[in-house]
Amino acid sequence: PPAVFPLSCAVQSYSWGKVGLQSEVAKLLASGDPLVRIQPEQPYAELWMGAHPRGDAVIRDNRIPQKTLGRWIADNPACLGAKVKDAFQGRLPFLFKVLSVNTALSIQAHPNKELAAKLHAQFPEHYPDANHKPEMAIALTPFEGLCGFRPVEEIVSFLQTVPELRALIGEVAAEQLERSGSDDPRGVSAALRVCFTRLMKSEKKFFVDQLNMLVKRISQEAAEGKDTSASNGDLLLRLHSQYPGDIGCFTIYFLNLVRLEPGEAMFLGANEPHAYLQGDCVECMACSDNTVRAGLTPKFIDVLTLCEMLNYTPAPSSSKIFPATQSQLDPSVYLYDPPVPDFAVMRIEVPPAIKLYLVSAVDSASILLVIQGTAVGTSTAAASEMTLRRGSVLFISANESISLHLSSPDGMLLFRACCLL
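This is a predicted model, so every value here is computed, not measured.

Peer 1: Break down the domain arrangement of the protein chain for me, with residues and values.
Peer 2: Interfaces are frequently sized by the accessible area removed from exposure as the parts join. Domain assignment breaks the protein chain into domain 1 (8-150 + 254-343), domain 2 (151-240) and domain 3 (344-418). For domain 1 versus domain 2, the separation of C-alpha centres amounts to 30 Å. Counting residues at the interface gives 23 residues for domain 1, matched by 21 residues for domain 2. Both sides together, the interface formed by domain 1 and domain 2 hides about 1900 Å², and carbon and sulfur atoms give 72% of it. Counting the surface domain 1 buries against domain 2, the share from its top three residues, Arg150, Phe254 and Tyr312, is 45%. Along the contact surface separating domain 1 from domain 2 lie two salt bridges. Linking domain 1 to domain 2 there are five residue pairs in polar contact (both at pLDDT 80 or more). Breaking the side of domain 1 that touches domain 2 down by element, the ones donating at least two residues are strand 8 (143-149), strand 9 (255-260), strand 11 (274-286) and helix 11 (303-309). When residues in the side of domain 1 that touches domain 2 are grouped by element, the largest group, five residues, is from helix 11. Residue classes in the side of domain 1 that touches domain 2 are distributed as 17 nonpolar, three polar and three charged.

Peer 1: Lay out helix 4 (residues 113-122) in plain terms, naming residues and giving numbers.
Peer 2: Because each turn of an α-helix spans 3.6 residues, side chains separated by three or four positions end up pointing in the same direction. Taken together, the buried positions of helix 4 are Leu115, Ala116 and Leu119. Here the buried residues of helix 4 occupy an arc of 100° about the axis, which is enough to place them on one side. Exposed side chains of helix 4 directed beyond 90 degrees from the buried face belong to Glu114 and Ala121.

Peer 1: Provide a residue-level description of the environment of Leu404, including the pertinent values.
Peer 2: Within the secondary structure, Leu404 is located in strand 22 (residues 402-406). In this structure the C-alpha to C-alpha distance between Leu404 and Lys204, which are 200 residues apart in sequence, comes to 57 Å. When residues no more than four places from it in sequence are discounted, the contact partners of Leu404 are Lys355, Leu356, Tyr357, Val359, Ala375, Val376, Gly377, Leu388, Met412 and Leu414.

Peer 1: Account for the pairing of strand 7 (residues 135-139), naming residues and giving values.
Peer 2: The buried count for strand 7 comes to five of five residues, which makes it a mostly enclosed element. Along strand 7, one buried face is formed by Glu135, Ala137 and Ala139 and the opposite face, lined by Met136 and Ile138, is buried too. Direction of pairing for strand 7 relative to strand 10 (residues 265-268): antiparallel, over a ladder of four bridges. Among the inter-strand pairings, Ile138 is bridged to a residue of strand 10, identified as Ala265. Bridge count between strand 7 and strand 11: five bridges; the pairing is antiparallel. Bridge pairing in strand 11 links Ala139 to Cys281.

Peer 1: A description of the pairing of strand 22 should follow, citing residues and the corresponding values.
Peer 2: Residues Ile402, Leu404 and Leu406 of strand 22 are buried on one face, while the alternating residues Ser403 and His405, pointing to the opposite face, are not. As judged from the four bridges shared by strand 17 (residues 356-359) and strand 22, these two strands associate in the antiparallel manner. Considered in strand 22, the bridge of Leu358 is made with Ser403. Pairing of strand 19 (residues 375-378) with strand 22, which is carried by four bridges, proceeds in the antiparallel orientation.

Peer 1: Account for the sheet that holds strand 16 (residues 344-350), with residues named and values stated.
Peer 2: Read from one edge to the other, the open sheet built from eight strands follows the order 4-1-21-18-23-16-15-14, with strand pairing classed as antiparallel. Both outer strands of the open sheet, strand 4 (58-59) and strand 14 (325-326), are each paired with one neighbouring strand and no more. Summarising the sheet, strand 16 and strand 23 (residues 412-418) pair through seven bridges and their orientation is antiparallel. Bridging from a neighbouring strand, Val350 pairs with Met412 of strand 23.

Peer 1: Go over the pattern of salt bridges with me, naming the residues and quoting the values.
Peer 2: Considering all chains together, one arrives at 16 salt bridges under this definition. Where Glu46 meets Lys97, a salt bridge forms, and the shortest distance between an N and an O atom there is 3.0 Å. Residue Glu46 is located in strand 3 (residues 46-49), and its partner Lys97 is located in strand 5 (residues 94-101); the two are separated by 51 residues in the primary sequence. In the salt-bridge network here, residues are joined through shared partners; they are Glu144, Arg238 and Arg259.

The rules behind the values
Residues numbered from 1 in each chain as written. Predicted model: local features only at pLDDT ≥ 70, side-chain atom pairs only at ≥ 80, totals over all residues. Heavy atoms only, no water. Domains from an automatic or database assignment. Contact = heavy atoms within 4.5 Å. Buried area = accessible area lost by both parts, 1.4 Å probe. Salt bridge = Lys/Arg side-chain N within 4 Å of Asp/Glu carboxyl O. Polar contact = N/O pair within 3.5 Å; in protein donor to acceptor, adjacent residues only side chain to side chain. Helix = DSSP H or I, 4+ residues; strand = E, 2+ residues; numbered from the N terminus. Nonpolar A, V, L, I, M, F, W, Y, C, P; charged D, E, K, R; others polar. Buried < 20%, exposed > 50% of the residue type's maximum accessible area, 1.4 Å probe, protein only. Arc of directions from axis to C-beta. Pairing = 2+ DSSP bridges.

Okay, structure coming up:
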C-alpha cells in the first residue's frame, strides 16, 4: 500500500483570520486545489495539516481505503517510526498549521503537562485534554506577536509615562517593581507577578474608564502629530480598535512586541504569555487544544489560572527569536529544533540551479508543505507520481524519501514537520 500520499487539509475560519485572497491560507488552498472556491468575505484563519479529530486531513488517493489521515495512522501505526510510535502511543505527536492573522489572537499561555492534567480533570469543558502544548511559529510574511515579559526597565518606564496603567496597578505594586533590583531575580519575578495580576484582576468598570482616558489622550496626541511611542501609542490604538474596552489592551506594557521577518521563528514554551497580532506563519505544536486565555477575546477567560501559571522571567524581545541551524549534510535544509520532543520543523530552500532534489528519509512520519515552486515527486512508496505546486501537502511515512523533479525556474520553498527523538 502507498506510504506517501497527498492530503487535503482542514480550514478553520476563526474571526481573527484574514479574509478571502488576502489570506495566505486561502492562497495556498486555491493554488493547491484549483477546484476550491475562495469566498471573498470569509476569514481563512488556519490550515490544519495533521490528524487532529477536529480537523483530520483527507487522503487524496482513491486506492487507499481509509478516508482520513487519522484513520490511516490508526491502521498503520508503523508509519510513525518505531521510536515515535512507542513514545506517543501510536499517534502523530504534532499538528502542523498555516495561520493568517488579521486581528489579534487572545492573550494566552499553554499549560505544562502537570497543570494540563489538573485543569482537564477539574474543567474538562474548557480544557479538553491532558497534554502540554508547546508551539513554534515561523514567519511566511512579516509577522508580529506579543511574547514573554519585557525587561523590567521597559515596564517601569511605561509605569512612569502611562498614568492610567499605574492607576490600575496601584502605587504599592508599582513601587515594589521600581525598587526590585536586577541582583534579585526572584524578587523581580514576584513584583512582576503582583503587578500583572493586579492589572488582570482590576474591576471592569475601573479599567474601562482608565482605558478610555488613555485612548482619548493618545488619540489627541497622535492627531496633533506628537510622538506617542513612549506610551506604545500605535499598538494601543490598533488593539483598542479591534477589541474596544478589553483588558488585553494594557498587556502591551508588560509583554514584548516581537517582529519576525520571513524565515524567523519564535518558540512558545509552557507558561509563556503570548498573543499573535498580525501576519502569516507556519506553526507547529504538540497535539493539544489546551489554552488558558485572559483578554483580547470573546472566549472563556480564566484570569486566575493564567496569572498563577505564567513564567514571570523578564527578557528582551530579541531573545524570543528562535534560531534555525543549517544542516551539515544538506545545505538546503534549515532545522528549527525546539527543546521539546514532540516536533521539529525543517525549512527546505532548493536553489534554482538544482533540478533534482531528494527529500531525505527521517525516522519519523512527516508532513511536507509547498510554499513556492513546482515539481513532480516520485517515491517507491507512492502509488504514482505526484504533482507538487504551491499549497500541496504530502504525508511521508517514516524512513521514506521523495525525489523532486523541479520544473519551476526559481527553485522551491518547502516546510516539513516531523518528530526527531
